Amino acid sequence: MSEIRLAAETRTEFGKGAARRARRAGFVPGVVYGHGHAPVHLNLPGHDLMMALKTPNALLVVPIEGKDEYVLPKAVQREAIKRTIEHVDLLLVKRGEKVTVEIPVHTEGELAPGGNLLEHVLQALPVEAEATHLPEAVTVSVEGLEAGASVHAKDIVLPAGTTLAVDADAVVLQVIAAQAAPAEDEAAEAEGAEA
């Protein structure tokens, strides 16, 4: 995973009015915390932050007190209608430190013929990995899976240095048979509609 460098300014004004002024100027208020340090309040460039957060578990580099620090997005608050970023909480991390994150589960391949459906029981897989080497996603092959088949967390091949942070027997994906109405029910409904 590549590092995304963001220019940031230390925030000295607090409250709703200051946050609104920052947003009007194109910044997003944020706070950095972790490792026993006092929280550091920042204004981050809004567009650059939005683009950076399109990558799951983006590793950001921000200047804090004259020193570049690694941070991970922990919580992102968005405006309800426009979906613009209102505030972001960032977690301070160190190189070599293990962190727990959720990575998206992507699928490839076709299910067995027969109109079966694939259910994502877990949309994201909790894993533990080094903060500076977080995987962006995992890909699971569902080629030829029949109804009733399931993929457990232990069946997913993880990148080197990454371990599961969920029960190994947890179901991640399952194939379910398509539900069709019985033929006699359809005939009864058709007769009822004609009457």
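Our subject in this report is the structure included herewith. (Residues numbered from 1 in each chain as written. Predicted model: local features only at pLDDT ≥ 70, side-chain atom pairs only at ≥ 80, totals over all residues. Heavy atoms only, no water.)

Some details on the overall build of the protein chain
Each helix and strand in the protein chain was counted, giving 3 helices and 14 strands. For the protein chain, the C-alpha radius of gyration of 23 Å lies well beyond 16 Å, the compact-globule estimate for 195 residues. Referenced to the eigenvectors of the C-alpha coordinate spread, the extents of the protein chain come out at roughly 75 × 50 × 25 Å. Counting the 195 residues in the protein chain, one finds 33% classified as buried. When contacts within the protein chain are restricted to residue pairs at least 6 apart in sequence, those whose partners lie at least 24 apart make up 62%. Roughly 11400 Å² of accessible area belongs to the protein chain as shown, and the carbon and sulfur atoms make up 51% of that amount. Charge separation in the protein chain, taken as the distance between the mean sites of 17 positive and 29 negative side-chain charges, equals 19 Å. (Helix = DSSP H or I, 4+ residues; strand = E, 2+ residues; numbered from the N terminus. Rg over C-alpha atoms; globule rule 2.2 N^0.38 Å. Buried < 20%, exposed > 50% of the residue type's maximum accessible area, 1.4 Å probe, protein only. Contact = heavy atoms within 4.5 Å. Areas by Shrake-Rupley, 256 points an atom, 1.4 Å probe, with all protein chains shown as cover. Lys, Arg positive; Asp, Glu negative; His and termini not counted. Charge placed at Lys NZ, Arg CZ, Asp CG, Glu CD.)

Observations concerning the sheet that holds strand β5 (residues 59–64)
Strands sit in the order β1-β5-β6-β7-β3-β4-β2 across an open sheet of 7 strands; the sheet is mixed. Unpaired on one side and paired on the other, β1 (3–5) and β2 (9–10) mark the two borders of the sheet. Seen against the sheet, helix α1 (residues 16–24) touches β3 (27–34), β4 (37–45) and β7 (85–93) and runs at an angle of roughly 120° to β3. (Pairing = 2+ DSSP bridges. Axes fitted to C-alpha atoms, helices over the stretch in contact; angles between N-to-C directions.)

Some details on α1
Within α1 the residues assigned to the buried category are Ala18, Ala19 and Ala22. Angular distribution of buried residues about the axis of α1 spans 100°; they occupy a single face of the element. Turned more than 90 degrees from where α1 packs its buried face, Lys16 and Arg24 sit exposed. The secondary structure elements touched by the buried residues of α1 are β3 and β4. Two residues or fewer past α1, glycine 26 is found with a positive phi of approximately 95°. (Arc of directions from axis to C-beta.)

Re the pairing of strand β10 (residues 124–130)
Pairing geometry for strand β8 (residues 98–108) and β10, over 7 bridges, is antiparallel. Looking across to β10, one finds that valine 101 is bridged to valine 127. Bridge count between β10 and strand β13 (residues 163–164): 2 bridges; the pairing is antiparallel. Bridge assignment links valine 127 to a residue of β13, and that residue is leucine 164.

Some remarks on the environment of methionine 51
Tracing the chain through its elements places methionine 51 in helix α2 (residues 46–52). A C-alpha to C-alpha distance of 31 Å links methionine 51 and valine 142, two positions 91 residues apart in sequence.

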